[in-house]
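# Commentary on secondary and tertiary structure
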Amino acid sequence: MDILGYKKDYQLFAGTRSKIKPSIIKSSKNNQSNNKKRLSIKHVLDEIALKDGMTLSFHHHLRNGDYILNMVMEEITRRNVKDVTIFASSIFPCHKDLVKYIEQGIVTQIYAAFISGPVSEAISEGKLKKVAVMHTHGGRARIVESGELTIDLAFIGAPTCDQTGNITGKIGKSACGSIGYAVTDAHFAKTTIAITDNLVDELDDFQIGGQYIDYIVEVDAIGDSKGIVSGTTEITKNPIGLKIAKLATDVIKYSGYFKNGFSFQTGAGGTSLAVSEYLKKLMKDENIKGSYALGGITSYIVDMLKEGLFEKLYDVQCFDLGSVESIATNPNHIAISASKYANILDDCLINNLDFVILGATEIDLDFNVNVTTTSTGEIMGGSGGHSDTAYGAKVTIVVSQLFNARIPVIKNKVICKTTPGETVDVLVTERGIAINPLRTDLVEKFKNTNLPIKTIEELKAISDNLVGIPKEIDFDDKIVAVVEYRDGTVIDVIHKKNINNKG
Amino acid sequence: MTNIRRSMLFIPGNNPGMLQSADVFNADSIIIDLEDSVAIDEKDSARTLVTELLKSVPINNVETIVRINPFDTPFYEKDIEVIKKTNIDMILLPKATIESIKDLDERLKDTKIQIMVLIETSLGVHQVFDILNTTNRCLGLMLGGEDLCVDLNCARTKSGEELLYARMHVVNSSRALRKFVIDTPFTDTNDFEGLTKDTYFAKSIGFDGKASINPRQIDTINSVFNPTEAEINHAKRVIEAKDLALEAGKGVFSLDGKMVDLPIIKRAEKVIDTALKIGLMKIGEE
Amino acid sequence: MQLVKPSKAGTYESNDIYIMLFPGNETKIEVESIVYETYGDKIENVIFKTLNEYKIENVLVKAIDKGALDFTIRARLITAIKRGATND
């Protein structure tokens, strides 16, 4: 079946051990020009031959405070260019201007690992001409490094940039720490433009080398510092979330993998953060030290580094000011690229993960997880590193309330399969813990504990009894997005949905 | 459900989100509150919400208690009228006096619902023995430190010297009548060190458990009241020695050179019983 | 029971429902809910059954639901009925 605007030779997901072995292209960029600075984005675009069907890349370290994408697109759309593909690592509510360009037919395709806000609504409503491609963080690096997609212009939001184009996110008024998702773009794009609000003479410590940068533009501000550090990085005060976090920490403790040298990743959600707080205490009580923590990094993980509980942090993106400050000053807090983080073609760090704590919008009886759509099927999120880390980690723990505000987490079938169940090992809810029966080793390990172990079917029965079974959702036949597994196979598709704003 | 009451958690009676999850916090007992946590003009609302909850939502493995409004309020009669038709285990009577417990006992006479009293006035502390002794339906008490301090005209402090007399007095009265006795909540919900200390103190002077107004405190309280490994091991050896003595037809016996008498055996049995029920030991392990 | 005056019960908190009743010429149920798509029918059904149980007719029910379970929907409606009814 052909999917409009998607690669013709796509393959369907056929298990996590992919047989697909694409070739890797090498970056050969080496721009040593001493004359990279231009007065404005407009001036850069005047020099470049813009054409219809271009692919523009953006990265999301400035999160919901990002000015770059809107600034660039405003200039681009003045120039009668059509059929533009936006290749952004993530898209946030601040990028709502894109909806206008989608409606005007200027932007016709979007690639992203995570999409929220007005743009995701527009895609769900079928406004985008071609299909949206929702890849993983690691998958994005693979798409570029395999040559599957060529970036025409990469725009790098540079918190600090020097005259030769060396870039760091560690300092500057818009400092955001690691800029790991931008590295691959800079290395492989035909043309790379650094946009900075802190141009300095010379940088010794940088994450992207100047040889990859073709143009430098200085602007007043690349982002709104309030939005750069999103408000999500606070430990939950919800007692149910805390109970779940406590149980998840017990799962770590009794899993058999909690020993000196273990590695760990957790997200920035309230419950995930609470796990790091409980884990900190457990590590101290049991006198266990970890080797590294990975991922998007928060202050809570930084504290664990400072206290010597982890030797190193490998950081693809900083979530809060504490982590930005740490990466700028602590040599053991190391910035890495998205490829080093999770690219299937790279010797990536997720492959050595022991534990990852992940969230879920939905999980089904086969442990497949949806974090791409809402429980009624509208796009609202995406894998990010979800399916990458679930694949890599020895123990993948999904934490979620069994239900909240009448929205249950366990379904017979997830609406959208983001992460395959064969890579999800444990579900922790406030009313019990379910272990994936495929993990006979873990099932055995937890038999002799006092933890509330149940089957996922038992948990679903408790939930169904309290909230009732939700009505099936109706979708249009039209496919609006494909969900790519990390190897580039299609793990699911998302159908058009007329967004119902009742309530 | 067990008769172990290490922790009792207050749940606001007009909050559906908390009510529907009341049994997930590991508290041995939950106290659904119709009194202080419910605004005056929402008393009817909370009463109905709690009744509907108890009718249709299973509350598992936890003792269910409802705190009604005090005897001298206009809500008291209505609360009892509605709550006595439910399947709860116990009513917590606030500001208990001899008069009010007599009245409540009479109103519950056709039900299986038991009573526990909240001792939170200076008169209540003074009369506690007689209050507990009014009826067999009354199984125990909770001390309410906040209101008591208002009545005593003293400040409520973290270290709690002002409650020393009341605490020891209510423990003594309860023990004399073989009733359970629960300590007042520790109200600084961010101070876990303080909570641990306060709970150890309560345990050390004879309380069975401690009340809490925040689910986050429950695990700490439970762990303080759990029998320690040493206590469990000692209890196991006492029971073993008792069984051997029985087999040998001996009336009295000793362990580690000390005479083992009935109170020691009873205490050992209680420790084993608790350890089994809270999962510190598995059946067959004894 | 008969509704003699407008009444309301509940809150806008998560897991709760806010219910308003207005005496009228026919019975009408208007539900706004964060889970309307998946549970709208069930919510309306609980409201309908509870009205019948209390023999309430000719009433406009406006409900703003924040994901309340059935027991809460029933309880809030019963409270509103009692608040607006004659014989209570």
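Residues numbered from 1 in each chain as written. Chains lettered and ligands numbered in written order. Predicted model: local features only at pLDDT ≥ 70, side-chain atom pairs only at ≥ 80, totals over all residues.

## Thoughts on the overall build of chain B
For clarity, the cut-off: Strands are runs of DSSP state E lasting at least 2 residues, helices are runs of H or I lasting at least 4, and numbering of each runs from the N terminus. We compute the radius of gyration over the C-alpha atoms and compare it with the globule rule, which gives 2.2 Å times the number of residues raised to the power 0.38. Any residue whose C-beta has 12 or fewer other C-beta atoms within 10 Å is treated as exposed, any with 20 or more as buried, and any in between as partly exposed, C-beta atoms being built from the backbone. We call two residues in contact if the C-beta atoms placed from their backbones are at most 7 Å apart.
Scanning chain B from terminus to terminus reveals twelve helices and ten strands. For chain B, whose C-alpha radius of gyration is 20 Å, the value lies close to the compact-globule estimate of 19 Å for 286 residues. The principal-axis extents of the C-alpha atoms in chain B amount to approximately 65 × 45 × 40 Å. Across the 286 residues of chain B, 43% fall into the buried class. Residue pairs at least 24 apart in sequence account for 67% of intrachain contacts in chain B once pairs closer than 6 positions are excluded.

## Concerning the overall build of chain C
Along chain C, the regular secondary structure elements total two helices and four strands. Counting from the amino terminus, chain C carries its helices and strands in the arrangement β-β-β-α-β-α. Taken against the 2.2 N^0.38 rule, which gives 12 Å for 88 residues, the C-alpha radius of gyration of chain C at 12 Å falls within 12% of a compact globule. Projected onto the principal axes, the alpha-carbon positions of chain C cover approximately 35 × 20 × 20 Å. Looking at chain C residue by residue over its 88 residues, the buried ones come to 47%. For chain C, restricting intrachain contacts to residue pairs at least 6 apart in sequence, the fraction spanning at least 24 positions comes to 76%.

## Describing the environment of A:Asp364
All names here are of chain A. Following the sequence through the fold, Asp-364 ends up in strand β17 (residues 362–364). Classification of Asp-364 as buried rests on a count of 20 C-beta atoms within 10 Å. Spatially, the C-alpha atoms of Asp-364 and Val-414 are 5.5 Å apart, while their sequence positions differ by 50 residues. Setting aside residues up to four positions removed in sequence, Asp-364 forms contacts with Lys-411, Asn-412, Lys-413 and Val-414.

## Examining unusual backbone geometry
At A:Asp83, a position not held by glycine, the phi torsion is positive, near 60°. Among the structural elements, A:Asp83 can be located in the loop between α2 (68–76) and β3 (84–88). One non-glycine residue, B:Asn153, lies in positive phi territory at about 60°. For B:Asn153, the location among the structural elements is in the loop between α7 (145–152) and α8 (164–176). Owing to 7 C-beta atoms within 10 Å, B:Asn153 belongs among the exposed residues under this scheme.

## Concerning the interface of chain B and chain A
The cut-off we apply is this: Under the convention adopted here, Pro, Cys and the residues Ala, Val, Leu, Ile, Met, Phe, Trp and Tyr are nonpolar, Asp, Glu, Lys and Arg are charged, and Gly plus all remaining residues are polar.
On the side of chain A, nine residues touch chain B, which itself brings nine residues to the contact. Looking at the side of chain B that touches chain A residue by residue, the class counts come to four nonpolar, three polar and two charged.

## Considerations on the sheet that holds strand β27 (residues 490–495) of chain A
All names here are of chain A. Rules: Strands qualify as paired when DSSP identifies two bridges or more between them. Helix axes use the C-alpha atoms of the stretch in contact, all axes being lines fitted to C-alpha atoms, and the angles between their N-to-C directions lie in the range 0 to 180 degrees.
Strand order in the open sheet formed by ten strands is β1-β11-β9-β6-β2-β3-β4-β5-β26-β27, with mixed pairing between adjacent strands. Looking at which strands have only one partner, the edges of the open sheet turn out to be β1 (37–38) and β27. By the bridge criterion, four bridges tie β3 to strand β4 (residues 107–112) in an arrangement that is parallel. Bridge assignment links Thr-85 to a residue of β4, and that residue is Gln-109. Contacts from helix α6 (residues 180–188) reach β2 (55–58), β6 (153–158) and β9 (191–196) within the one sheet, and its direction differs from that of β6 by about 140°.

## Remarks on the environment of A:Phe155
Residues and elements named next belong to chain A. Along the chain, Phe-155 falls in strand β6. When the 29 C-beta atoms within 10 Å are taken as the criterion, Phe-155 is described as buried. Phe-155 sits 79 residues away from Ile-76 along the chain, and the two C-alpha atoms are 12 Å apart.

## Some words on the packing of helix α9 (residues 270–286) of chain A against helix α10 (residues 299–306) of chain A
Residues and elements named next belong to chain A. Put simply, the test is: By the definition adopted for this analysis, an angle is roughly parallel if under 35 degrees, roughly antiparallel if over 145, roughly perpendicular if from 65 to 115, and oblique otherwise. Two helices cross in a left-handed way if the nearer one is turned anticlockwise from the farther one by less than a right angle. They cross in a right-handed way if the turn is clockwise.
One can describe the packing of α9 onto α10 by two numbers: an axis separation of 9 Å at closest approach and a directional angle of 20°. The angle between the axes of α9 and α10 places the two elements in the roughly parallel class. You can see that α9 and α10 cross each other, and the crossing is left-handed. When α9 is examined against α10, the residues Leu-273, Ser-276, Glu-277 and Lys-280 are found in contact with a partner set consisting of Tyr-300, Ile-301 and Met-304.

## Re the interface of chain A and chain C
Each side of the interface is counted separately: chain A has 13 residues, and chain C has 17 residues. Taken together, the residues of the side of chain A that touches chain C sort by class into six nonpolar, four polar and three charged.

## Digging into the environment of B:Gly124
All names here are of chain B. For Gly-124, the location among the structural elements is in helix α5 (residues 122–126). For Gly-124, a count of 26 C-beta atoms within 10 Å translates into the label buried. Here the alpha-carbon distance between Gly-124 and Ile-68, two residues 56 residues apart in the chain, equals 17 Å.

## Things to note about the sheet that holds strand β7 (residues 160–162) of chain A
All names here are of chain A. Spatially, three strands are ordered β8-β7-β10 in an open sheet, and the strand pairing comes out mixed. Looking at the sheet topology across the chains shown, the edges are occupied by β8 (167–168) and β10 (199–200). The pairing of β7 with β10 spans two bridges and is parallel. Each bridged residue has a counterpart across the sheet, and for Cys-161 the counterpart in β10 is Leu-199.

## Topic: the domain arrangement of chain B
Convention followed: The domain limits used here are those given by an automatic or database domain assignment.
The domains assigned to chain B are domain 1 (7–225) and domain 2 (229–277). The C-alpha centroid of domain 2 of chain B is placed 33 Å from the C-alpha centroid of domain 1 of chain B.

## Concerning the pairing of strand β23 (residues 426–429) of chain A
Residues and elements named next belong to chain A. Judged by which residues are buried, β23 turns out to be covered on both faces: Val-426 and Val-428 on one side and Leu-427 and Thr-429 on the other are all buried. Bridge count between strand β19 (residues 395–399) and β23: three bridges; the pairing is parallel. Among the inter-strand pairings, Val-399 is bridged to a residue of β23, identified as Val-428. Summarising the sheet, β23 and strand β24 (residues 432–435) pair through four bridges and their orientation is antiparallel. Looking at β24, one finds that Val-428 is bridged to Ile-433. The turn linking β23 back onto β24 is made up of two residues.

## Looking at the nonpolar core
Let me state the cut-off plainly: In these notes, a nonpolar core means any group of buried Ala, Val, Leu, Ile, Met, Phe, Trp, Tyr and Cys residues linked to one another through C-beta atoms within 7 Å.
Counting residues in hydrophobic clusters, the biggest one holds 250 residues, and the most contacted among them are A:Ile156, A:Ala248, B:Val117 and B:Leu141. Among the elements that line this core, the one with the most residues is helix α8 (residues 239–254) of chain A, at eight residues. Setting aside residues no more than four positions away along its own chain, B:Leu141 makes contact with B:Met116, B:Val117, B:Ile119, B:Val128, B:Leu132, B:Val170, B:Ser174, B:Lys179, B:Val181 and B:Ile182. Counting residues in hydrophobic clusters, the runner-up holds seven residues, among them B:Val238, B:Val271, B:Ile272 and B:Ala275.

## Let's talk about helix α15 (residues 456–467) of chain A
All names here are of chain A. Selection rule: Helix span is expected to be 1.5 Å times the residue number reduced by one. To be clear, the arc concerns the directions from the helix axis to the C-beta atoms.
Helix length check: α15, at twelve residues, gives a terminal C-alpha distance of 16 Å against a target of 16 Å (1.5 Å per residue), a fit within 8%. All of the buried residues along α15 are Ile-456, Leu-459, Lys-460, Ser-463, Leu-466 and Val-467. Along the axis of α15, the buried positions cluster into a sector of 130°, meaning they face one direction only. Turned more than 90 degrees from where α15 packs its buried face, Glu-457 and Asn-465 sit exposed. Residues of α15 that are buried make contact with β20 (403–404), β21 (407–408), β22 (410–411), β23, β24 and β25 (453–454). Gly-468 lies just past α15 and shows a positive phi near 85°.

## Some thoughts on the pairing of β3(A)
Residue and element names in this part refer to chain A. Rules: Seen with the strands pointing away from the viewer, any crossover whose path from the first strand over the helix to the second strand runs clockwise is right-handed.
Here β3 lies mainly inside the structure; five of its five residues are buried. Burial along β3 is two-sided: the residues Val-84, Ile-86 and Ala-88 and Thr-85 and Phe-87 are all buried. In terms of strand pairing, β2 meets β3 through four bridges, oriented parallel. Pairing of Thr-55 across the sheet is with Thr-85, part of β3. The parallel pair β2 and β3, bridged by α2, forms a crossover whose chirality is right-handed.

## Describing α10(A)
Since the α-helix turns once every 3.6 residues, residues separated by three or four places project in the same direction. Residue and element names in this part refer to chain A. Within α10, six of the eight residues are buried, which leaves it mostly tucked inside the rest of the structure. On its buried side, α10 packs onto α9, β13 (290–297), β14 (310–318), α11 (321–329) and β15 (333–335). Looking one or two residues past α10, Gly-308 carries a phi angle of roughly 80°, positive in sign.

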